[in-house]
Amino acid sequence: MRKANRSMARLREAAVAALAVVAAGVVPAAAQERAGAPPQPQGREHVVRRGDTLWDLAGFYLNNPFLWGLIYDANRETVEDPHWIYPSERLRIPPLPPAVPSQTAGPPAAPAETPNAPVSAAPEGAAAEPGAGAEPQPGAQPAVPAAGAAETGRDMPVEAGDYYAAPWLGDETELPAVAELIGTVDRGTADTKLPEMVFRYDRVYLRYTNDARPQVGDRLLLVQTGRFVDGLGSVIVPGGVVTIEAAGESVLTGVVSEQFERIATGALAIPLDTFPGMAGPAQPVEDGIEGKLVAFVEEQPVPGVADQAFIDIGAEQGLAIGDELIAYVPERRAPLGYTETLPPEPVARLRVIRVAANSATVQVESMTHAMLRPGLPVRLVGKVP
């Protein structure tokens, strides 16, 4: 799904250049360098070649195509329209901005865990947990590391960008939409057979959908609706943020100031809520509430770290942004006809990044087994203050 979104987002940027590349048999610059010489150090200059796009350059030099806006911002004197760059233009590739440290106060981070060590192992020299190494008891809970101790050994707070970009499950008919995206200001009328693609920094028109009247300076979240998930609602996918520049009698004019995913005409604009933040690192809890992992945001056969999923417990069950859970394989019979009972096995640590009434969006922070899949039970192990 994400690959498809990226391709659609690049479609218009590369349309003319791609035709030229196909005709001439030329490989884009970024692709040439990926196949040959190592990337230049950040902060260097890049000479545009046929087939290059800001999207590709950001993916190559900055390791994230969604950071193409950094290259555009650094070359506004050269690049008039970020959707079009031309051969022989010289672009400055800026360095990545420094990571912003978390403002959350809390105790020093725990030391990193030993790679590949069992998550239930006690530290060297420490007393073993009661019953450690013994046969599992009926109904035993899987052993897990302390809350806040991910594989990196540091707390991983939820940032505002994680929250606003995270899809959630909800009733599309109950979205508090105040406007609908109907087109761009600068590119004129689009082909009505297909939705028009919209990109960061585009100026756009939105039509009112009810009596609410956003004001100049208001920020609205552009969302679109995806598939329906297991009786919990439709996937609501945030595409980006639009900042209102003018409010007319029948339409609003705004600029897309942030982009998370593909944005197309027909997207609904809802008020941008306030990021709730985290009061501090998650603290360990015992006998936490349990639920189920119902689906991944992007359906895929082999999920991994940083993937996002939906669980069937939410705010009404006490979950909050930053809470930590484990997904685990429950107690089960041994395979191949053996009569032994296998103990519960922790599979992955999950962090809540968005909460709805009876569901939540979680991000995979670490994995201990490649058995993470929909249907596994999840249990709360860390609670933010």
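Nothing here was measured: the structure is a model prediction, and the numbers come from that model.

(A) Highlighting the overall build of the chain. Check the secondary structure of the chain and you find five helices and 20 strands. Taking all 385 residues of the chain together, 42% fall into the buried category. Residue pairs at least 24 apart in sequence account for 69% of intrachain contacts in the chain once pairs closer than 6 positions are excluded. Summed over its atoms, the accessible surface of the chain is roughly 20,100 Å², and 54% of this surface lies on carbon and sulfur atoms.

(B) Layout of the environment of Glu340. Among the structural elements, Glu340 can be located in the loop between strand E16 (332–333) and strand E17 (341–342). Those residues within four positions of Glu340 in sequence are excluded, and the remaining contacts are Arg332, Arg333 and Ala334.

(C) Representation of the nonpolar core within the structure. With 21 residues, the main nonpolar core has Leu293, Ile311, Leu325, Leu350 and Leu372 as its most contacted residues. Residue assignment for this core shows that the elements contributing at least two residues are strand E13 (290–296), strand E14 (308–311), strand E15 (324–329), strand E18 (345–355), strand E19 (360–367) and strand E20 (377–383). Formed by 19 residues, the second largest nonpolar core is a distinct cluster that contains Val158, Leu175, Phe260 and Leu272.

(D) View of the environment of Pro94. In this structure, Pro94 sits in the loop between strand E2 (90–92) and helix H5 (160–165). On the basis of relative accessible area, Pro94 is assigned to the buried category, the value being 8%. Along the sequence, Pro94 and Tyr61 sit 33 residues apart, while their C-alpha atoms lie 9.1 Å from each other.

(E) How the structure looks around the packing of aromatic side chains. Under the definition given, this model contains five aromatic pairs. Taking 5.9 Å as the distance between ring centres and 85 degrees as the angle between the ring planes, the aromatic pair formed by Trp68 and Tyr201 counts as edge-to-face. Of this pair, Trp68 sits in helix H4 (residues 68–74) while Tyr201 is found in the loop between strand E5 (197–198) and strand E6 (203–208), placing the two residues 133 residues apart along the sequence. For Trp68, a relative accessible area of 3% corresponds to the buried category. Measuring from centroid to centroid gives 5.2 Å for Tyr163 and Tyr164, while their planes differ by 70 degrees, and the two rings are edge-to-face. It is Arg76 that lies over the ring of Tyr201; its NZ or CZ is 5.4 Å from the centre. Taking NZ or CZ as reference, Arg354 lies 4.3 Å from the ring centre of Tyr163, over its face.

(F) Fine view of the confidence of the model for the chain. Chain-level statistics for the chain give a pLDDT mean of 78 and a share of 72% at 70 or above. A low-confidence stretch, residues 100–138 (pLDDT under 50), is modelled with 30 contacts involving residues beyond four sequence positions or located in other chains. Low pLDDT, under 50, characterises residues 145–154; the stretch is placed with 28 contacts to residues that sit more than four places away or in other chains.

(G) Summary view of the pairing of E14. Neither face of E14 is open: one carries Gln308 and Phe310, the other Ala309 and Ile311, and all of them are buried. In this structure, E14 lies alongside E19, joined through four bridges in antiparallel fashion. What sits directly across from Ala309, in E19, is Val362.

(H) Highlighting the pattern of salt bridges. Scanning all chains against the criterion turns up 12 salt bridges. Of the charged contacts in the structure, one is a salt bridge between Glu258 and Arg200, with a shortest N-O distance of 3.9 Å. Of this pair, Glu258 sits in strand E9 (residues 251–259) while Arg200 sits in the loop between E5 and E6; the two residues are 58 residues apart in sequence, bridging distant segments of the chain. Owing to a relative accessible area of 31%, Glu258 belongs among the partly exposed residues under this scheme. The network of salt bridges with common partners includes Glu324, Arg349, Arg351 and Glu365.

Calculation notes
Residues numbered from 1 in each chain as written. Predicted model: local features only at pLDDT ≥ 70, side-chain atom pairs only at ≥ 80, totals over all residues. Heavy atoms only, no water. Helix = DSSP H or I, 4+ residues; strand = E, 2+ residues; numbered from the N terminus. Buried < 20%, exposed > 50% of the residue type's maximum accessible area, 1.4 Å probe, protein only. Contact = heavy atoms within 4.5 Å. Areas by Shrake-Rupley, 256 points an atom, 1.4 Å probe, with all protein chains shown as cover. Core = buried A, V, L, I, M, F, W, Y, C linked by side-chain atoms within 4.5 Å. Phe/Tyr/Trp six-rings, centres within 6.5 Å; stacked < 30°, edge-to-face > 60°. Lys NZ or Arg CZ within 6 Å of the ring centre and 35° of its normal. pLDDT = per-residue confidence, 0-100. Pairing = 2+ DSSP bridges. Salt bridge = Lys/Arg side-chain N within 4 Å of Asp/Glu carboxyl O.

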